[in-house]
Amino acid sequence: MPHRIRAARAAQHLAVRALTVHGLAHPLTLALLAAASTAAARAWDRGHPVHALHPAQKARRAR
């Protein structure tokens, strides 16, 4: 798995954990959401498809 995909998934996971623990308005959650969106955008810019970041998207498209 390419580095940018791993980074995007890790950032997304941390953001979801912060959201669960602290809520949406917490500064840590907002910072982690920003980091996750930046990492996902970088992966997208490098040509990685959305389903590489979100495997559920691939499953939906296959239906």
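Overview of the structure. (Residues numbered from 1 in each chain as written. Predicted model: local features only at pLDDT ≥ 70, side-chain atom pairs only at ≥ 80, totals over all residues. Heavy atoms only, no water.)

Time to look at the overall build of the protein. For the protein, the count of helices and strands is four helices and zero strands. Listed by position from the N terminus, the elements making up the protein come as α-α-α-α. Looking at the protein as a whole, 19% of its 63 residues are labelled buried. When contacts within the protein are restricted to residue pairs at least 6 apart in sequence, long-range pairs at least 24 apart make up 49% of them. When the accessible surface of the protein is summed, it comes to about 4,600 Å², and 61% of that surface belongs to carbon and sulfur atoms. (Helix = DSSP H or I, 4+ residues; strand = E, 2+ residues; numbered from the N terminus. Buried < 20%, exposed > 50% of the residue type's maximum accessible area, 1.4 Å probe, protein only. Contact = heavy atoms within 4.5 Å. Areas by Shrake-Rupley, 256 points an atom, 1.4 Å probe, with all protein chains shown as cover.)

With that settled, the discussion passes to a nonpolar patch on the surface. Side chains of L19, L24, L30 and L33 sit close together on the surface and give an oily, nonpolar patch of about 330 Å² of accessible area. When you line up the elements, L30 lands in helix α2 (residues 27–45). Residue classification places L30 among the partly exposed residues on the basis of a relative accessible area of 44%. (Patch = residues over 30% accessible without salt bridge, like charges linked within 9 Å, V, L, I, M, F, W, Y side chains within 5 Å. Salt bridge = Lys/Arg side-chain N within 4 Å of Asp/Glu carboxyl O.)

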